[in-house]
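# Secondary and tertiary structure notes
Chain residues, written in single-letter form:
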Amino acid sequence: MGAQKINAEESLGEKIKKIFATPTPSPARKHRTHPAAKKSPTPSASPSPKHKKASPTPEPSASPKSKSKKKKLSPTPTASPTPSPSPSATPEEETPSPSPTATPSPTETPSPSASSPEKKVDSNATISPNELSGYDDYPARVRKIIDTALELTTRNLSYSYGSADPTNGGMDCSGFVYYVLQQNDVKDVPRDSSQQYVWVRKSGNFRAVISRNADSFELDALKPGDLLFWTGTYSIERDPPITHSMIYVGKKKGTDRRIMVGASDGRSFDGKQRYGVSVFDFKLSKPKADKDTKMSPLFVGYGRVPGLGEN
C-alpha cells in the first residue's frame, strides 16, 4: 500500500510536472509569437515611418516649392488676367487706327494740299491781248470778254471747285466762265458747265466736234470768244454729262497755236503743266484706249455766247 501511494504520488507528481511543463512551453511560445508579431509590425511600421519620413520630407520640401510654383503660377494666372488688359490692348489697337486716320492723314493731306496750291499758283500762265493774232479785228464785246478773262490769269488764282468769285483765291471752270460773262453784262448765264452747254445748244449756235484732228473742218467755224465744252473730266451725275467749259481766245502770234483761257486742275501750255486760272493750249486729245480708265476727257464741241452776236 505504501508503495502504491508512493507510486501514486510519483505518478501524480509526474502528472503535475507534466502539466506544469506543458503550459510553460505554451506561454513561452505565445510570448515568442507575440514579440514576433510585435516585431513583424515594427518592421512593417519601420518602413511605414520611413515612407512617412520620406513622404513628409518631400512633402514639406515639395509643398514650399509647390507653393512657390503656385505663386509663380499665380502670376501666370495674373498673366491670364493680363488678357483682361489685352482687351485694353484691343482698344490700344483701335486707338492707333483712328489716330493715324485722324491725325496723320489729315495732316498729310493738308500738307500736300497746302503745297499743291503753291504749285498751282506758280504754274499759272498768262499772255497779253497783243500776243493774239488779229486781236485788233475782234468785235468790241469779244475783246472786252477776252480782256477780262486774261486779266484774271495775272492774279495767281488756283483751281477751286464750287467757286465763281476770284476773291476766294480760286475758281472752277464754269465759275470762271460765269464770272467773266457776268462782268460783261451777258444775261441769263447758267452757273454750271452742263447748263451752259444747254444754254448754248438752245440758242442754235452750237457746233459738235467728233474728229480728233486739229485740222478738221469741224473747227472751221471756231471764233474767239466761243465757249468750249468737254465731258468726262471728272465723275458726276449730270444730264447732259458735260463736266468742263472754257473760253477760246484765238491763235498766238508766231506759232499759230490755238489758245483758250479758264480754270483747270491740270492742262498744258507751252509744253508745261499748268494749274488754276490760266491760259492753256487748245488741243483735241484722243480718248484713252485703256478699258480700266473710268475718266477720259473728250471734247464735244463749241458755240457762240447767246446774245453776243458778232459785235
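Residues numbered from 1 in each chain as written. Predicted model: local features only at pLDDT ≥ 70, side-chain atom pairs only at ≥ 80, totals over all residues. Heavy atoms only, no water.

### Here's the deal with the overall build of the protein
Filter applied, for reference: In DSSP terms, a helix is any run of H or I states spanning at least four residues, a strand is any run of E spanning at least two, and both are numbered starting from the N terminus. For the exposure calls, accessible area comes from a 1.4 Å probe over protein chains only, and a residue counts as buried if that area is under 20% of its type's maximum, exposed if over 50%, partly exposed in between. For this analysis, residues touch if any pair of their heavy atoms sits within 4.5 Å. Each accessible area value is a Shrake-Rupley result obtained with a 1.4 Å probe; residue values ignore everything except the protein chains displayed when judging cover.
Check the secondary structure of the protein and you find 13 helices and eight strands. Split into buried and exposed, the 311 residues of the protein put 31% on the buried side. Pairs at least 24 apart in sequence give 56% of the contacts found in the protein among residues at least 6 apart. Summed over its atoms, the accessible surface of the protein is roughly 18900 Å², and 56% of this surface lies on carbon and sulfur atoms.

### So, the sheet that holds strand β4 (residues 227–231)
What counts, and what does not: Pairing between two strands requires that DSSP report at least two bridges joining them. Orientation is described by lines fitted to C-alpha atoms, with helices fitted over the stretch in contact, and by angles between N-to-C directions that extend from 0 to 180 degrees.
If you trace the six strands from one edge of the open sheet to the other, you get β3-β8-β4-β5-β6-β7, paired in antiparallel fashion. Across the chains shown, the open sheet's two edge strands, defined by having one partner strand only, are β3 (206–208) and β7 (272–281). Each adjacent strand pair in this sheet contributes to an overall mean axis angle of 45 degrees, direction not counted. Bridge count between strand β5 (residues 242–251) and strand β6 (residues 258–269): four bridges; the pairing is antiparallel. Each bridged residue has a counterpart across the sheet, and for Ile247 the counterpart in β6 is Val261.

### Focus: unusual backbone geometry
Although it is not a glycine, Asp256 adopts a positive phi angle of roughly 55 degrees. Within the secondary structure, Asp256 sits in the loop between β5 and β6. One non-glycine residue with positive phi stands out, namely Asp270, at about 55 degrees. Among the structural elements, Asp270 can be located in the loop between β6 and β7.

### Here we look at the packing of helix α12 (residues 173–183) against helix α13 (residues 193–203)
Just so we agree on the cut-off: Any angle that is under 35 degrees is reported as roughly parallel, and any over 145 degrees as roughly antiparallel; angles of 65 to 115 degrees are reported as roughly perpendicular and all others as oblique. Each residue is assigned to one class: nonpolar for Ala, Val, Leu, Ile, Met, Phe, Trp, Tyr, Cys and Pro, charged for Asp, Glu, Lys and Arg, and polar for all the others, Gly among them.
In contact at an axis separation of 9 Å, α12 and α13 are set at 55 degrees when each is read in the N-to-C sense. Regarding the angle of α12 to α13, the classification is oblique. Contacts between α12 and α13 pair Ser174, Val177, Tyr178 and Leu181 from the former with Ser193, Gln196 and Trp199 from the latter. A class-by-class count of the residues in the contact of α12 with α13 yields four nonpolar, three polar and no charged.

### A look at helix α11 (residues 140–152)
Note the following rule: Multiplying one less than the number of residues by 1.5 Å gives the expected span of a helix. Note that the arc is computed from the directions linking the helix axis to the C-beta atoms.
Here α11 contains 13 residues, and its C-alpha end-to-end distance of 19 Å stays within 8% of the 18 Å for a straight helix at 1.5 Å per residue. All of the buried residues in α11 are Val142, Ile145, Ile146, Ala149, Leu150 and Leu152. The buried residues of α11 occupy an angular sector of 155 degrees when the element is viewed end-on, so they sit on one face. Here the buried face of α11 lies against β2 (170–171), α12, β5, β6 and β7.

### What to know about the nonpolar core
Where we set the bar: Only buried Ala, Val, Leu, Ile, Met, Phe, Trp, Tyr and Cys residues count toward a nonpolar core, and they belong to the same one when joined by side-chain atoms within 4.5 Å.
Residues Phe176, Leu181 and Leu227 are the most contacted members of the largest nonpolar core, which totals 40 residues. Ranked by residues supplied to this core, first place goes to α11 with six residues. If we ignore the near neighbours within four places in the chain, the residues touching Leu227 are Val177, Leu181, Trp199, Val200, Met246, Ile247, Gly301, Tyr302, Gly303 and Val305. Counting 13 residues, the second largest nonpolar core, distinct from the first, contains Leu219, Tyr248, Phe282 and Leu284.

### So, the packing of aromatic side chains
How we decide: Only Phe, Tyr and Trp rings are paired, with Trp represented by its six-membered ring, and only when their centres lie within 6.5 Å; those with planes under 30 degrees apart are stacked, over 60 edge-to-face, the remainder tilted. Look at NZ for Lys and CZ for Arg. If either is within 6 Å of the ring centre and within 35 degrees of the ring normal, a charge sits over the ring.
The full count for this structure, using the stated rule, is eight aromatic pairs. With centroids separated by 6.4 Å and ring planes inclined at 50 degrees, the aromatic side chains of Phe206 and Phe229 adopt a geometry described as tilted. Here the residue Phe206 occupies a position in strand β3, and Phe229 occupies one in strand β4, the gap between them amounting to 23 residues. Phe206 sits in the buried class, given a relative accessible area of 15%. On the basis of relative accessibility, which here comes to 0%, the residue Phe229 falls in the buried class. Each ring, one from Trp230 and one from Phe282, has its centre 6.4 Å from the other, and the planes form 80 degrees; the classification is edge-to-face. Here Trp230 is found in strand β4, whereas its partner Phe282 is found in the loop between β7 and β8 (298–303), with 52 residues between them in sequence. Feature note: the residues Trp230, Tyr248, Phe282 and Phe299 constitute an aromatic cluster, connected by ring pairs. In this arrangement the basic side chain of Arg267 is found over the ring face of Trp230, its NZ or CZ atom lying 4.6 Å from the centre.

### Description of the pattern of salt bridges
As a reminder, the rule being used: The salt bridge definition used is simple: a Lys or Arg side-chain nitrogen within 4 Å of an Asp or Glu carboxyl oxygen.
Applying the stated rule across the entire model yields six salt bridges. Measuring nitrogen to oxygen at the nearest pair gives 3.0 Å for the salt bridge that ties Arg155 to Glu151. Judged by its relative accessible area of 37%, Glu151 falls in the partly exposed class. Its salt-bridge partner being Asp256, residue Lys251 comes within 3.9 Å of it at the nearest N-O pair. By relative accessible area, Lys251 is classed as partly exposed at 28%.

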